Amino acid sequence: MALLEILHYPDPRLRKKARPVTHFDDALRKLVADMLETMYRAPGIGLAAPQINIAQRVVVIDISRENNTPQIFINPEIVESRGKDTMEEGCLSVPDTYDTVERAAWIRVKAMNTNGESFELECEGLLAVCVQHELDHLDGKLFVDRLSTLKRSRIRRKFEKAQRLAL
Ligand code: GNR
Ligand code: NI
């Protein structure tokens, strides 16, 4: 297993649309294992492959308190959604930044496992939030894009300043 580097906003590589997985092979299983290790170490409750500079539609999530319930979603799609709910979100690619985001309260997600077998899962609560947050990453979207223009420009300035100081 290997720890992978997580890209930080405003890195343009976070904005690429990820491609569907076509090969369900050992390389995919290694990617998933490395993503899980990286997510647990961060620590976070989800990770999408674009965050580690892999433009493929691969998501790992573990919302369990014991960090012992990994959930893997290859080529995920939301096929049904209901209601609206808000939650305070953060992102490993936007460190130390938290704000309230509105999303669907209930979703049905269709995805594949690492063997290419399809499954469907109904999600609500934190899992529904996390799945929607990770699917956004696959389309190059970040939770800050769902905030007001004013909040987003404040966050962008904060990160541009941090980037200038780091040079
Ligand atoms: O670790 C994470 N926590 C979190 C909290 C509320 C809403 C979404 C998330 S996902 C985030 C990890 C991450 O950045 N995944 O892309
Ligand atoms: Ni994120």
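What you see is a predicted model, and the numbers here were worked out from it, not measured in a lab. For every chain, the first residue of the written sequence is number 1, and numbering continues from 1 along that sequence. All chains are assigned letters beginning with A, and all ligands numbers beginning with 1, in the order in which they are written. Per-residue local features of the predicted model are confined to residues with pLDDT of at least 70, and side-chain atom pairs are confined, for both listing and counting, to 80 or more; whole-chain, interface and lining totals are unaffected and use all residues. Only heavy atoms go into the side-chain values, all of them from the structure, while hydrogens and water stay out.

Asker: Which parts of the structure should I look at to understand the coordination of the nickel ion (ligand 2)?
Answerer: A metal bound by six donors in octahedral fashion has ideal angles of 90 or 180 degrees, whereas one bound by four tetrahedral donors has an ideal angle of 109.5 degrees. Note: metal donors comprise N, O and S atoms at 2.8 Å or less from the metal (3.2 Å for Na, K and Ca); water molecules are not included, so apparent gaps in a site are possible. Looking at the nickel ion (ligand 2), the protein donor atoms are Cys91 (SG), His133 (NE2) and His137 (NE2), and they sit 2.1 to 2.3 Å from it. Expressed as a motif, the donor residue spacing for the nickel ion (ligand 2) is C-x41-H-x3-H. Remark: His137 occurs in helix H2 (residues 125-138) and Cys91 occurs in strand E4 (residues 85-91); sequence separation between them is 46 residues. Each residue gets one of three labels from its accessible area relative to the maximum for its type: buried under 20%, exposed over 50%, partly exposed in between, using a 1.4 Å probe on protein chains only. According to the relative accessible area criterion, His137 is buried, its value standing at 1%. We count a stretch as a helix when DSSP gives it H or I for four or more residues in a row; a strand needs E for two or more, and each element gets its number in order from the N terminus.

Asker: Is there a simple way to explain the site of ligand 1 in this structure?
Answerer: If you check the shell around ligand 1, you find 13 residues, and the closest are Ile45, Gln51, Leu92, Glu134 and His137. Nitrogen and oxygen atoms within 3.5 Å of one another constitute a polar contact, given that in protein one can donate a hydrogen and the other can accept it, and given that sequence-neighbouring residues count only through two side-chain atoms. Interatomic distance of 3.0 Å between a backbone N/O atom of Ile45 and an oxygen atom of ligand 1. In this structure, an oxygen atom belonging to ligand 1 sits 2.8 Å away from a side-chain N or O atom of Gln51. To measure how exposed things are, a 1.4 Å probe is used in the Shrake-Rupley method; for residues, cover is taken only from the protein chains shown. Protein chains shield 89% of the accessible area of ligand 1, which is 380 Å² for the free molecule. The way it works is a 1 Å grid over only the protein atoms, where trapped points that fit a 1.4 Å probe form a cavity and open points with protein on both sides within 12 Å along at least five of seven lines form a pocket, and then any residue with an atom within 4 Å of a point lines it. More than half of a molecule's atoms lying within 2 Å of a cavity's or pocket's grid points is what places that molecule inside it. Its atoms largely coinciding with the cavity grid, ligand 1 occupies the largest pocket. Listing elements by their share of the shell around ligand 1, those giving two or more residues are E4 and H2. Nonpolar residues are Ala, Val, Leu, Ile, Met, Phe, Trp, Tyr, Cys and Pro. Charged residues are Asp, Glu, Lys and Arg, and all others, Gly as well, are polar. Split into classes, the residues belonging to the shell around ligand 1 amount to 4 nonpolar, 6 polar and 3 charged. Any residue with at least one heavy atom within 4 Å of a molecule or strand is counted as near it.

Asker: Please explain the pairing of strand E5 (residues 94-103) as it appears in this structure.
Answerer: Each regular strand shows side chains that alternate between the opposite faces of the sheet. What makes two strands pair is DSSP finding at least two bridges between them. Judged from the 6 bridges that link them, E4 and E5 form a sheet pairing that is antiparallel. Bridge pairing links Cys91 to Val94 in E5. Between E4 and the antiparallel strand that follows it, E5, lie 2 residues.

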